[in-house]
Amino acid sequence: MSKSFLSIGEAMIEMSAGSDGQWRMGFAGDTLNTAWYMRALLGPAWTVGYVSKLGVDRYSSAMRAFIADSGIDTSHIGTVKDRRPGLYFIHQEDGDRHFTYWRDMAAAKLLADDRAALDTALSIAGTIYFSGITLAILPPAHRVTLLDALQGARAKGAKIVFDPNIRPRLWSGPAEMRDALTAVAGVCDIVLPTFGDEQTLFGDIDPAATADRYLAHGVAEVVVKNGDEPALARWRDGEVEISARPVAIVVDATGAGDSFNAGYLAARLEGRDHGEALTQAHRIAAICLGHHGALAPRDAL
């Protein structure tokens, strides 16, 4: 398998509140977060790339530079002249995080409008990662384009990985979400759902039911995240469950699931077994929980 990991989705301007009442600007987004942690965790033999679109404004330029400086290939980030990155604020309140978004003119919404460019990007990857947010921000016709391109890449040997990352506000309703996630399962090798989200949408009684539902659609490996409860990895002929690592003080939960995904995937891609991968996933997520914003300092990893 090619040692190339490619992540597809939306990078955004992140404003996170610090303990001193000041705001810190950064760049993040679920699929970018996972790519960033993958670059930090994978060995030098691996390449990590990002597929998205940005504008020509100063923040787009700064974001592109940040991604490149992080060691992530930006050659497949397209440009849309009259668009710009989305923006979100993270508010911490009553021990939980709350988000406010501005993304109506986000360039990333057009990341699948050029099938030829998309096929070129996917052709270099051994492992391709995307999320439910990637799908949700796209016009319906572009979702079909993306899934067709992913299916084509898979037929040529790429491994397809998906985090449903369910965000109801980005969809027209539960039926659209269920239909989309079910369709996606048919083109995926690994799925990394969150039990609470899946239970609300599909009525799953426990994490095992979530895993079995995706396995029934042909997914080879399912990892069910469940907050501070044990995470479950289940595949066609086995399963393993590993408890979460205790975190004394949760500073910010933003990006914890994305970092978990990277911890798991990096371990699996480098040949470690499911239990070792879950252990690393919990370790990376715990580090993320102890820092402000989605991206923990690399020297903390």
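Residues numbered from 1 in each chain as written. Predicted model: local features only at pLDDT ≥ 70, side-chain atom pairs only at ≥ 80, totals over all residues. Heavy atoms only, no water.

1. Examining the overall build of the protein chain
Right, on to step 1. Helix and strand content of the protein chain: 10 helices and 13 strands.
Right, on to step 2. Whereas a compact globule of 301 residues would reach a radius of gyration of roughly 19 Å, the protein chain reaches 18 Å, a difference of no more than 12%.
Right, on to step 3. Seen through its C-alpha atoms, the protein chain measures out along the principal axes to roughly 50 × 45 × 45 Å.
Right, on to step 4. Within the protein chain, buried positions represent 52% of all 301 residues.
Right, on to step 5. Residue pairs in contact within the protein chain that sit at least 24 positions apart in sequence constitute 69% of those at least 6 positions apart.
Right, on to step 6. In the form shown here, the protein chain has an accessible surface area of approximately 12,700 Å², with 51% of it arising from carbon and sulfur atoms. (Helix = DSSP H or I, 4+ residues; strand = E, 2+ residues; numbered from the N terminus. Rg over C-alpha atoms; globule rule 2.2 N^0.38 Å. Buried < 20%, exposed > 50% of the residue type's maximum accessible area, 1.4 Å probe, protein only. Contact = heavy atoms within 4.5 Å. Areas by Shrake-Rupley, 256 points an atom, 1.4 Å probe, with all protein chains shown as cover.)

2. Quick word on unusual backbone geometry
Right, on to step 1. Positive phi, close to 35 degrees, is recorded for N165, a residue that is not glycine.
Right, on to step 2. Residue placement: N165 occurs in the loop between β9 (159-163) and α6 (174-185).
Right, on to step 3. Residue classification places N165 among the buried positions, given a relative accessible area of 10%.

3. Examining helix α7 (residues 195-202)
Right, on to step 1. Of the positions making up α7, those classed as buried are F195, E198 and L201. Down the axis of α7, the buried side of the element spans an arc of 140 degrees, and every buried residue falls inside it.
Right, on to step 2. Contact partners of the buried residues in α7: α6, α8 (207-216) and β11 (221-224).
Right, on to step 3. Looking one or two residues beyond α7, the residue adopting positive phi is G203, at roughly 80 degrees. (Arc of directions from axis to C-beta.)

4. Some remarks on the nonpolar core
Right, on to step 1. Counting 47 residues, the largest nonpolar core has M38, Y264 and L265 as its most contacted members.
Right, on to step 2. Not counting residues up to four positions away in its chain, the partners in contact with M38 are F5, V48, A262, L265, A266 and L269.
Right, on to step 3. Counting residues in each nonpolar core, the second largest holds 44 residues, with A112, A158, V187 and L232 among its members. (Core = buried A, V, L, I, M, F, W, Y, C linked by side-chain atoms within 4.5 Å.)

5. What about the sheet that holds strand β1 (residues 4-8)?
Right, on to step 1. Pairing in this open sheet of 9 strands is mixed, and the strands run β5-β4-β1-β8-β9-β10-β11-β12-β13 from one edge to the other. Each edge of the sheet is formed by a strand with only one pairing partner; in this case those strands are β5 (77-79) and β13 (238-242).
Right, on to step 2. Bridging between β11 and strand β12 (residues 231-235) involves 4 bridges; their strand directions are antiparallel. Across the sheet, residue V222 finds its bridge partner in β12, namely R234. (Pairing = 2+ DSSP bridges.)

6. Re the packing of aromatic side chains
Right, on to step 1. Taken as a whole and judged by the stated rule, the model has 9 aromatic pairs.
Right, on to step 2. A centroid spacing of 5.9 Å and a plane angle of 20 degrees characterise the contact between F99 and Y101, whose relative ring orientation is stacked.
Right, on to step 3. Overall, F99 belongs to the partly exposed group, its relative accessible area being 25%.
Right, on to step 4. What links up through ring pairs into an aromatic cluster is the set W23, F89 and W102.
Right, on to step 5. Of note, R213 hangs over the ring of F202, and the distance from its end group to the ring centre comes to 3.7 Å. (Phe/Tyr/Trp six-rings, centres within 6.5 Å; stacked < 30°, edge-to-face > 60°. Lys NZ or Arg CZ within 6 Å of the ring centre and 35° of its normal.)

7. Considerations on the pattern of salt bridges
Between side chains of opposite charge, a pair can form as their charged atoms come close.
Right, on to step 1. Throughout the structure, instances matching the rule amount to 13 salt bridges.
Right, on to step 2. The residue D113 makes a salt bridge to K53 at a minimum N-O spacing of 2.5 Å. Of this pair, D113 sits in the loop between β7 (96-102) and α3 (115-122) while K53 is found in strand β4 (residues 47-54), placing the two residues 60 residues apart along the sequence.
Right, on to step 3. Note that E176 is salt-bridged to R143, the shortest N-O span being 2.9 Å. Taken together, the positions of E176 in helix α6 and R143 in helix α5 (residues 140-155) put the pair 33 residues apart, joining distant regions of the chain. (Salt bridge = Lys/Arg side-chain N within 4 Å of Asp/Glu carboxyl O.)

8. Focus: the pairing of β4
Right, on to step 1. Counting buried positions along β4 yields 7 of 8 residues, so the element is predominantly enclosed.
Right, on to step 2. Bridge count between β1 and β4: 5 bridges; the pairing is parallel. In the strand pairing of β4, L6 is matched with G49.

9. Let's talk about the packing of α3 against α5
Right, on to step 1. Following both chains from N to C, one finds α3 and α5 inclined at 35 degrees, their axes separated by 10 Å at the closest point. The interaxial crossing formed by α3 with α5 has right-handed handedness. Facing α3, whose interface residues are R115, L118, D119 and L122, α5 presents T145, L146, D148, A149, L150 and A153.
Right, on to step 2. A per-class count over the contact of α3 with α5 returns 6 nonpolar, 1 polar and 3 charged. (Axes fitted to C-alpha atoms, helices over the stretch in contact; angles between N-to-C directions. Left-handed = near helix turned anticlockwise from the far one by under 90°. Nonpolar A, V, L, I, M, F, W, Y, C, P; charged D, E, K, R; others polar.)

10. What to know about the side chain of S7
Right, on to step 1. One can find S7 in strand β1.
Right, on to step 2. According to the relative accessible area criterion, S7 is buried, its value standing at 0%.
Right, on to step 3. Looking at S7, its side chain comes within polar contact range of the main-chain oxygen of T31, at 2.8 Å.
Right, on to step 4. The contacts of S7, once residues within four sequence positions are left out, are T31, A35, G49, Y50, V51 and Y129. (Polar contact = N/O pair within 3.5 Å; in protein donor to acceptor, adjacent residues only side chain to side chain.)

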